[in-house]
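Residue strings, one per chain:
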Amino acid sequence: METIKELFDLTGKVALVTGGTHGIGLAIGLILGKAGARVCVNDLSAEKLDLCREAFGKEGLSVYTLVFDVTDEKDVDRGISQIEADQGPVEILVNNAGIIKRIPILNMPVADYKQVIDVDLVAPFIVSRRVAPAMIARRSGKIINMCSMMSVYGRNTVSAYASAKGGLALLTRNMTCEWAKYNIQINGIGPGYIETAQTGPIRENGHPFNDLVMTRTPAGRWGQPEDVANAALFLASRASDFVNGHILFVDGGILANFGYVKGENDL
Ligand code: NAP
Ligand code: GCO
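Residues numbered from 1 in each chain as written. Chains lettered and ligands numbered in written order. Predicted model: local features only at pLDDT ≥ 70, side-chain atom pairs only at ≥ 80, totals over all residues. Heavy atoms only, no water.

## Things to note about the overall build of the protein
Counting its secondary structure elements, the protein contains 8 helices and 7 strands. Looking at the protein residue by residue over its 267 residues, the buried ones come to 49%. Long-range pairs, those at least 24 residues apart, make up 73% of the contacts in the protein between residues at least 6 apart in sequence. Accessible surface, the protein: about 12800 Å² in total, of which carbon and sulfur atoms supply 56%. Distance between charge centres in the protein, computed from 26 positive and 29 negative side chains, equals 3 Å. (Helix = DSSP H or I, 4+ residues; strand = E, 2+ residues; numbered from the N terminus. Buried < 20%, exposed > 50% of the residue type's maximum accessible area, 1.4 Å probe, protein only. Contact = heavy atoms within 4.5 Å. Areas by Shrake-Rupley, 256 points an atom, 1.4 Å probe, with all protein chains shown as cover. Lys, Arg positive; Asp, Glu negative; His and termini not counted. Charge placed at Lys NZ, Arg CZ, Asp CG, Glu CD.)

In structure tokens, the structure reads:
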């Protein structure tokens, strides 16, 4: 019987967190590094990668960083080839990079819709498709796709994002159908509302959306990037070797909650 430490030990495993220079991706990179993984982070911005290296350094960790655009197939091939040459084949892939545009459908340019789909849905397809052959050859691998509450809910103004994240949940299941037989575990994480730069515009300065999140979240708080990272550690570790095609929601109970009447049943 393996010890708990052995189950969660990622020593020497090469992990790539896309778009991992801050927010949820940075928290995931740090916890995977603390578990012993050799963490690689990509981003569009060299400056943000510099800050990422500083954040890892503050934790006594090193990180391999590389600029490449996850939506560009040739750039992804170049980036993954560089990682394979410098670090070794990617054994843990976290498709974290993402964008959101909050625009009503009738006002949203088609180009904007397509850009969100490209980053949030097509890019995980491109990066996973590039990384999977080495996982198949090794008969081992972990792929974690960053889904969302919008993988199951819609809400006004986020049609592109919900379309992408809904598709990503089903892409996760289709990857499972095709690759689980090679001992690759492909799962999603569905964060609730997390305090990051991405939610800053709907969380800060008394934004009314904050009230909605606080009443729709039974836990009564916004999530922290570390809440999501803890789930990522589980899905990256041996402890999840028989978990596949699953979307693990880390949402403080939002999905369990139809609604809340102020004052009712309050202790
Ligand atoms: P974030 O702060 O916006 O970070 C997203 C990261 O993706 C950024 O580092 C960004 O780099 C990178 N990125 C965007 N386009 C890219 C591209 N083409 N190539 C490479 N990197 C790219 O987001 P977050 O809140 O930490 O969220 C991380 C993931 O969790 C996203 O997929 C998001 O949809 C998802 N999520 C977030 C929440 C939440 O409440 N925050 C909830 C559910 C799901 P730049 O900054 O350089 O553009
Ligand atoms: C929004 C938010 C959400 C969160 C997250 C919830 O505008 O509704 O940005 O989309 O980012 O995806 O799970």
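## Remarks on the site of ligand 2
Around ligand 2, the structure places 14 residues, and the nearest of them are Arg102, Ser148, Arg155, Tyr161 and Pro191. In the model, an oxygen atom of ligand 2 is placed 2.6 Å from a nitrogen or oxygen of the Arg102 side chain. Here Arg155 contributes a side-chain N or O atom positioned 2.6 Å from an oxygen atom of ligand 2. Residue composition of the shell around ligand 2, by class: 8 nonpolar, 4 polar and 2 charged. (Near = heavy atom within 4 Å. Polar contact = N/O pair within 3.5 Å; in protein donor to acceptor, adjacent residues only side chain to side chain. Nonpolar A, V, L, I, M, F, W, Y, C, P; charged D, E, K, R; others polar.)

## What about the site of ligand 1?
By nearness alone, 30 residues border ligand 1, and Asp43, Lys48, Asn96, Tyr161 and Thr196 come closest of all. Contact between ligand 1 and Asp69: a nitrogen atom at 2.9 Å from a side-chain N or O atom of the residue. Between Ile194 and ligand 1, the recorded distance is 2.9 Å, taken from a backbone N or O atom to an oxygen atom. Out of a free accessible area of 890 Å², ligand 1 has 91% covered by protein chains. Those elements giving two or more residues to the shell around ligand 1 turn out to be α2 (23–34), β2 (38–43) and α6 (159–179). Within the shell around ligand 1, the residues separate by chemical class into 13 nonpolar, 13 polar and 4 charged.

## Thoughts on the packing of aromatic side chains
Scanning all chains against the criterion turns up 2 aromatic pairs. Relative to Phe209, the ring of Tyr193 has its centre 5.4 Å away and its plane inclined at 55°; by these criteria the two rings are tilted. Here Phe209 lies in helix α7 (residues 208–216) and Tyr193 lies in the loop between β6 (184–191) and α7, a separation of 16 residues in the sequence. Considered together, Tyr193 and Phe209 belong to a single accessibility category, that of buried residues. For the ring pair Tyr193 and Trp222, a centre distance of 5.8 Å and an interplane angle of 90° mean the geometry is edge-to-face. Here Tyr193, found in the loop between β6 and α7, pairs with Trp222, found in the loop between α7 and α8 (225–236); they are 29 residues apart in sequence, far enough to count as distant. Among the aromatic side chains, those forming a connected cluster through ring pairs are Tyr193, Phe209 and Trp222. Here Arg203 stacks its cationic end above the ring of Trp222, 5.5 Å away from the centre of that ring. (Phe/Tyr/Trp six-rings, centres within 6.5 Å; stacked < 30°, edge-to-face > 60°. Lys NZ or Arg CZ within 6 Å of the ring centre and 35° of its normal.)

## Things to note about the sheet that holds β6
Strands sit in the order β3-β2-β1-β4-β5-β6-β7 across an open sheet of 7 strands; the sheet is parallel. The sheet is open, and its two borders are formed by β3 (64–67) and β7 (247–250), each paired with just one other strand. Taken over all neighbouring pairs, the strand axes of this sheet differ in orientation by 20° on average, direction set aside. The pairing of β2 with β3 spans 4 bridges and is classified as parallel. (Pairing = 2+ DSSP bridges. Axes fitted to C-alpha atoms, helices over the stretch in contact; angles between N-to-C directions.)

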